[in-house]
Amino acid sequence: MMRIDVITIFPDLIRDVLKYSIPRRAIDAGLIDVLAHDLRDHADDKHKTIDDTPYGGGAGMIFKPEPIARAIETLPAGGRVIFLTPQGRLLTQSVANELSLSDHLVLLCGHYRGIDERVRENYVDDEISIGDYVLSGGELPALILIDALIRLIPGAIGNAESALEDSFQNGLLDCAWYTRPREFEGLTVPEALLSGDHKKVAQWRRDNARQRTLERRPDLLE
Ligand code: 4G3
């Protein structure tokens, strides 16, 4: 079973989001354990201070190194420590596939301008970004990473929605999908999908996926 520890100042945000849909089912089924820890439990003053102003001045606060170090040291050794930051390597399906092979991840969520560089140097194994934009904290990126990993665990999603058949697992965008009715506001369903010919259906979907990828994301075709 995979284990993910999340170090955050908002542990309930992590727990609440994982109460829905596929993540909840995977956790209930014992396929993965996600444990959210409050960084403030590792502060050393009565005000539970976890951040401070930057040396050299400037706007924003920096997470102090000692509470982060203590929070990590409290966990079983051997987990891969991942810091969610705009400075990290971009999360792609292949990065998710790679990380899904881990037994134990520790996700570190920063805020403001991030964390003290020395605790990053000594404790962080990997840095991941979910995209080239800045958010108010690393919690939403951590949840996105967790969701991407959970859906790759065998048994987490049904055969019908097999992760292996997803958009991106074959390097292409997904094809268009249709359900009833056959006609909606004057628009009809492509003939090949109604043919009952499985080879014809598969070929239409392949062609449609390739065409959409060419139009929308030519960079994926190289
Ligand atoms: C560290 C991650 C953390 C430095 C975190 C801001 C966006 C992402 C934070 C920093 C984040 C992302 C917290 N925003 N693109 N905010 O994955 O400058």
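Up top you'll find the structure we're talking about.
Residues numbered from 1 in each chain as written. Predicted model: local features only at pLDDT ≥ 70, side-chain atom pairs only at ≥ 80, totals over all residues. Heavy atoms only, no water.

A. The overall build of the chain, seen in detail. A tally of regular secondary structure across the chain gives eight helices and nine strands. Radius of gyration (C-alpha) of the chain: 22 Å, far over the 17 Å computed for a compact globule of 222 residues. With the C-alpha coordinates of the chain rotated into their principal frame, the extents come out at 70 × 40 × 30 Å. A burial count over the chain gives 41% of its 222 residues as buried. Here the contacts in the chain between residues at least 6 apart in sequence split such that 75% fall between residues at least 24 apart. For the chain, the accessible surface area stands at approximately 13,600 Å², while carbon and sulfur atoms represent 51% of it. Computed over 26 positive and 36 negative side-chain charges, the inter-centroid distance for the chain is 4 Å. (Helix = DSSP H or I, 4+ residues; strand = E, 2+ residues; numbered from the N terminus. Rg over C-alpha atoms; globule rule 2.2 N^0.38 Å. Buried < 20%, exposed > 50% of the residue type's maximum accessible area, 1.4 Å probe, protein only. Contact = heavy atoms within 4.5 Å. Areas by Shrake-Rupley, 256 points an atom, 1.4 Å probe, with all protein chains shown as cover. Lys, Arg positive; Asp, Glu negative; His and termini not counted. Charge placed at Lys NZ, Arg CZ, Asp CG, Glu CD.)

B. Up close: unusual backbone geometry. Cis geometry is adopted by the peptide bond preceding proline 181, which originates at arginine 180 and carries an omega value of 5°. Inspection of the secondary structure puts proline 181 in the loop between α6 (139–150) and β8 (183–184). The backbone of tyrosine 112 shows a phi angle near 55°, a positive value even though the residue is not glycine. Looking at the secondary structure, you find tyrosine 112 in the loop between β6 (104–109) and α5 (117–123). When its relative accessible area of 44% is taken as the criterion, tyrosine 112 is described as partly exposed. A positive phi angle, close to 70°, is found at glutamate 222, a residue other than glycine. Tracing the chain through its elements places glutamate 222 in the segment after α8 (198–216).

By themselves, these observations are geometric and do not establish any function.
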